[in-house]
Amino acid sequence: MYNSLNPPRSNALIDTVLRNIKLKYVFACILAILVVTCFISLTPICAEDCNCDKYEDTAKSNHLPSKQIQKHHKHRLAVLVPFRDRFDELLMFAPHMKEFLDKQDLDYHIFILNQVDKFRFNRASLINVGFLETRKEFDYIAMHDVDLLPMNDKLHYNYPREGPLHISSPTLHPRYHYETFIGGILLLNREHFEQVNGMSNKYWGWGLEDDEFYVRLKEAGLNVTRPPNLSTGKEKTFKHVHNRNHRKRDMVKCFNQREVTRRRDRQTGLNNVSYKLEKSINVTIGNTELTILNVLLNCDEAISPWCLCSTK
């Protein structure tokens, strides 16, 4: 007679087999989860999308912080600032230029071309050096005095496709008003700067290097344009922060410097500027990221012996 409290041995055997199968499935699931977890932990996240090493290497080779490279604009502006012992002006310049240029949504970086050799200051050669050090990543430059701050938001630093753009025109500059003046702030694209072989390397001391550069541009058929229809005039377009009494300009002329530097230089330029880049330093002033290039210029005294004449 069948007794429900004492099932046959065959039923007990089936129950045992089922329990063993269930345990095997549980262990198999646990093992699968462990394998998948280990695989995920060892696989780089977004490996195809992340070019972190690429950005870091490019930045190092071009004196830039890595995050600066990650912008995506059609054109890139290198602001080249010839410099020596002008730290008071630099502390005003850096935050002002960041605020001013950020409004224009430009891809730009500021380079301070710090002359650290024993020779007299050479603005033009420093600009040549700055161009050579940045031309692979930047397709246009702004030659920019550290003591001249733009104040009018209509002064646009856009890519100068057609030719040189003179931001600080004679009708707007606080001090220099002659028609052929192109100093202060001048924008050029990479092709045009190379076309005229950059600037002369003969101008040690203050003045005239931009006048010689104007002749180079004119001979090459490059017309200088200037900002149109600005009503702020000479008083409110720029702030000139140079203190003539505190920081005197090096205007000494020795040997035949006065005669030579009033002629068009056909010997020197971008192709033969001689220098050594001592150090590249990425710094932040306030919230402004910039790069200081410590530059050692070389002087060929057979061509320009006045690079060492006394400035006292």
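Quick caveat, the model's predicted, so the values are computed rather than measured.

K.L.:
Would you mind showing me how to read the state of the cysteines here?
P.N.:
Think of a disulfide as a covalent bridge from one cysteine sulfur atom to another cysteine sulfur atom. For the coordinates displayed, the defined rule picks out two disulfides. Each sulfur in the disulfide pair C254 and C309 lies 2.3 Å from the other. Taking the sign of the S-S torsion, -95 degrees for the link of C254 and C309, the bridge is left-handed. Taken together, the positions of C254 in the loop between β7 (238–240) and α8 (257–260) and C309 in the segment after β9 (288–297) put the pair 55 residues apart, joining distant regions of the chain. Since its relative accessible area comes to 11%, C309 is described here as buried. Each disulfide pairs two cysteine sulfurs, and for C299 the partner residue is C307, the sulfurs being separated by 2.0 Å. Taking the sign of the S-S torsion, -90 degrees for the link of C299 and C307, the bridge is left-handed. Like C307, C299 is buried.

K.L.:
Just to check I follow, could you spell out the pattern of salt bridges for this structure?
P.N.:
Two side chains with opposite charge may pair up if their charged atoms get near one another. Tallied over the entire structure, the rule returns 18 salt bridges. Taking the shortest distance from any N to any O, the salt bridge between E137 and R76 comes out at 3.5 Å. Placement of the pair is E137 in the loop between α4 (123–134) and β3 (140–144) and R76 in the loop between α2 (52–61) and β1 (77–83), with a sequence separation of 61 residues. We classify R76 as buried; its relative accessible area is 11%. When the shortest N-O distance is used, the salt bridge between K98 and D102 registers 2.9 Å. Within this pair, K98 and its partner D102 are both found in helix α3 (residues 87–102), separated by four residues, close to a single helical turn. Judged by relative accessible area, which is 21%, K98 ranks as partly exposed. Among the ionic contacts, a cluster of salt bridges with common partners joins K202, E212, R216, E219, R264, D265 and R266.

K.L.:
What is the right way to look at empty space enclosed by the protein in this model?
P.N.:
A probe matching the size of a water molecule, rolled over the atoms, marks out where space remains unfilled. Enumeration according to the criterion identifies one cavity of 30 Å³ or more in this entry. By volume, the largest cavity amounts to about 40 Å³. In terms of lining residues, the largest cavity is bounded by K202, Y203, W204, W206, G207, L208, K253, Q257 and T261. The residue makeup of the lining of the largest cavity, split by class, is four nonpolar, three polar and two charged.

K.L.:
Teacher, can you tell me more about the side chain of N201 here?
P.N.:
Mapped onto the secondary structure, N201 falls in the loop between α5 (190–195) and α6 (209–219). If we ignore the near neighbours within four places in the chain, the residues touching N201 are N122, S125, N128, D265, T268, G269, N272 and V273.

K.L.:
Could you clarify how one ought to interpret the environment of I167 in this entry?
P.N.:
As for its position among the elements, I167 is in the loop between β5 (165–166) and β6 (185–189). A relative accessible area of 0% places I167 in the buried class. Excluding residues within four positions of it along the chain, I167 makes contact with L155, H156, Y157, L172, I185, L187, P227 and F238.

K.L.:
Sorry, what's going on with the nonpolar core here?
P.N.:
Looking at soluble globular proteins, one finds that nonpolar side chains tend to be buried together. Ranked by internal contacts, the top residues of the largest apolar core, which has 35 residues, are L80, F111, I141, M143, L188, F193 and F213. Listed by contribution, the elements that provide at least two residues to this core are β1, β2 (108–115), α4, β3, β6, α6 and β9. Examining the composition of this core, we find that five residues originate from one element, α4, more than from any other. Dropping the residues within four chain positions of it, F213 is found in contact with M143, I182, L186, L188, F193, V196, G198 and M199. Within the second largest apolar cluster, 32 residues are counted, among which are L106, I167, L230 and I292.

Calculation notes
- Residues numbered from 1 in each chain as written.
- Predicted model: local features only at pLDDT ≥ 70, side-chain atom pairs only at ≥ 80, totals over all residues.
- Heavy atoms only, no water.
- Disulfide = S-S within 2.5 Å.
- Helix = DSSP H or I, 4+ residues; strand = E, 2+ residues; numbered from the N terminus.
- Buried < 20%, exposed > 50% of the residue type's maximum accessible area, 1.4 Å probe, protein only.
- Salt bridge = Lys/Arg side-chain N within 4 Å of Asp/Glu carboxyl O.
- 1 Å grid on protein atoms, 1.4 Å probe; cavity = no way out; pocket = protein on both sides within 12 Å on 5 of 7 lines; lining within 4 Å.
- Points joined across faces, edges and corners; volume = space filled by probe spheres on them.
- Nonpolar A, V, L, I, M, F, W, Y, C, P; charged D, E, K, R; others polar.
- Contact = heavy atoms within 4.5 Å.
- Core = buried A, V, L, I, M, F, W, Y, C linked by side-chain atoms within 4.5 Å.

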